[in-house]
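# What the coordinates show
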Amino acid sequence: MSSFTGQVALITGAARGQGRNHALRLAEQGADIIAIDICRPIDTVVYPTATPDDLAETVRLVEATGRRILAFEADIRDLAALRQAADAGVAELGRLDIVIANAGISSMAPTLEMSDEMWTTMVDINLTGQWRTVRAAVPHIVAGGRGGSVVLVSSLAAQATNENMAHYSAAKSGLVGLMRVLAKELAPQSIRVNTVHPTTVATDMIRNDATYRLFRPDLEAPTRADFEEAARTLNKLPVAALESEDITNAVLYLVGESGRYVTGTQHIVDAGGRL
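The protein chain has the name Mycofactocin-coupled SDR family oxidoreductase in an unreviewed UniProt entry, where Nocardia jiangsuensis is given as its organism.

This is the structure in structure tokens:
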């Protein structure tokens, strides 16, 4: 197990789900945290997004480990807001070693029926927002001169396609190209860059009635059990969805000493979904 004592990690989408879990596990292993989340609704997203109370709970959990955390409500579509958060976090905590660009959204529609707003919002958040995160935060890692690690959270959708997700697959696939270029550009500074590609993960992004209906259009009021029955067909291992902990384990491997020579790779955690 890697130790992150004395290090600082910036994590987007940290108010709940995978982002909160990444923050908590890093804090348990010694890291201080800069936590960023939008904490308000997004027009094209049908499920409830994170709230200020969710972000406050992440703060409480991290502080309970004895580590420091600074939390910011910021939209990753807003480069100025991201820079303000990164600058303020580094000024207070003294350094930056790890960036986990985790924030993202999900929405679904047939490609030929998708609105311009749905496409643009998806790409602005899931692709361009991750670039803006890197642009705002990674210069602090470079300035530290100690090296570091960047993880862009992509998706199995960059490897295996499904209907109604053209905008999502396009954005998540774009992260692979971004990662590979960054890995080359930042290698001389000993900064490693990788993507993580989860299959379905049991977070609030999928645990909602809208997603259940998308997976089970044959039912008038599908339940979580109905959703899981359909979701199991996506994976070869007998599981409907992974847990956030499964993705955190992959992230910690990449950003820790365990992944010290791993860069430019696509780390896939998919329960056999590509097979």
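### A short note on the packing of helix 1 (residues 17-28) against helix 8 (residues 244-255)
Here helix 1 crosses helix 8 at 50°, and the two axes come no closer than 9 Å. Classified by the angle between their axes, helix 1 and helix 8 sit oblique to one another. Seen along the crossing, helix 1 lies across helix 8 with a hand that is right-handed. Contact with helix 1, carried on its side by G17, Q18, N21, H22, R25 and L26, involves S244, E245, I247, T248, N249, V251, L252 and V255 of helix 8 and no other residues of that element.

### Side note on the pairing of strand 6 (residues 191-198)
The buried count for strand 6 comes to eight of eight residues, which makes it a mostly enclosed element. Burial along strand 6 is two-sided: I191, V193, T195 and H197 facing one way and R192, N194, V196 and P198 facing the other are all buried. Here strand 5 (residues 148-153) pairs with strand 6 via six bridges, running parallel. Bridge pairing links G148 to I191 in strand 6. Note that the unit made of strand 5, helix 5 (residues 166-186) and strand 6 has a crossover that is right-handed. Bridge count for strand 6 against strand 7 (residues 266-269) is four bridges, and the pairing is parallel. Across the sheet, residue T195 finds its bridge partner in strand 7, namely Q266.

### A look at the layout of surface pockets
Its boundaries defined by the atoms lining it, the second largest pocket holds a volume of some 280 Å³. Forming the walls of the second largest pocket are 18 residues, and the residues nearest its centre are G147, G148, R192, V255 and E257. In terms of residue class, the lining of the second largest pocket is built from four nonpolar, eight polar and six charged.

### Side note on the side chain of S107
With respect to the helices and strands, S107 occurs in the loop between strand 4 (98-101) and helix 4 (116-144). On the accessibility criterion, S107 (8% relative accessible area) is buried. Side-chain polar atoms of S107 contact the side chain of H167, separated by 2.8 Å. Leave out the neighbours within four places in its chain, and S107 touches T44, M118, M122, N164 and H167.

### Details of unusual backbone geometry
For residues other than glycine, phi is negative in most cases, and the peptide bonds are mostly trans. We note that C39 has phi near 55°; this positive angle belongs to a residue other than glycine. Residue placement: C39 occurs in the loop between strand 2 (32-37) and helix 2 (52-64). A residue is classified by how much of its surface remains accessible, and C39, at 7% relative accessible area, is buried. One non-glycine residue, S190, adopts positive backbone phi at about 60°. With respect to the element layout, S190 can be found in the loop between helix 5 and strand 6.

### Some words on the packing of helix 3 (residues 79-93) against helix 4
Axis separation between helix 3 and helix 4 bottoms out at 9 Å; the angle between their running directions is 30°. Between helix 3 and helix 4, the angle is such that the two are roughly parallel. For the crossing formed where helix 3 meets helix 4, the hand is right-handed. Mapping the contact onto sequence places L79, L82, R83, A86, D87 and V90 in helix 3 and G129, R132, T133, R135, A136, A137 and H140 in helix 4. The residue makeup of the contact of helix 3 with helix 4, split by class, is six nonpolar, three polar and four charged.

### What about the sheet that holds strand 7?
Sheet architecture is open: seven strands sit in the order 3-2-1-4-5-6-7, paired in parallel fashion. The sheet terminates laterally at strand 3 (69-73) and strand 7, the two strands that pair on one side only. This sheet shows a mean twist of 15° between the axes of neighbouring strands, independent of strand direction. Direction of pairing for strand 2 relative to strand 3: parallel, over a ladder of five bridges. Directly across from D37, in strand 3, lies its bridge partner E73. Across the sheet, helix 2 is in contact with strand 2 and strand 3; its angle to strand 3 comes to roughly 170°. With respect to the sheet, helix 4 is in contact with strand 1 (8-12), strand 4, strand 5 and strand 6, its orientation differing from that of strand 5 by roughly 175°.

What counts as what
Residues numbered from 1 in each chain as written. Predicted model: local features only at pLDDT ≥ 70, side-chain atom pairs only at ≥ 80, totals over all residues. Heavy atoms only, no water. Axes fitted to C-alpha atoms, helices over the stretch in contact; angles between N-to-C directions. Helix = DSSP H or I, 4+ residues; strand = E, 2+ residues; numbered from the N terminus. Parallel < 35°, antiparallel > 145°, perpendicular 65-115°, else oblique. Left-handed = near helix turned anticlockwise from the far one by under 90°. Contact = heavy atoms within 4.5 Å. Buried < 20%, exposed > 50% of the residue type's maximum accessible area, 1.4 Å probe, protein only. Pairing = 2+ DSSP bridges. Right-handed = clockwise from strand over helix to strand, strands pointing away. 1 Å grid on protein atoms, 1.4 Å probe; cavity = no way out; pocket = protein on both sides within 12 Å on 5 of 7 lines; lining within 4 Å. Points joined across faces, edges and corners; volume = space filled by probe spheres on them. Nonpolar A, V, L, I, M, F, W, Y, C, P; charged D, E, K, R; others polar. Polar contact = N/O pair within 3.5 Å; in protein donor to acceptor, adjacent residues only side chain to side chain.

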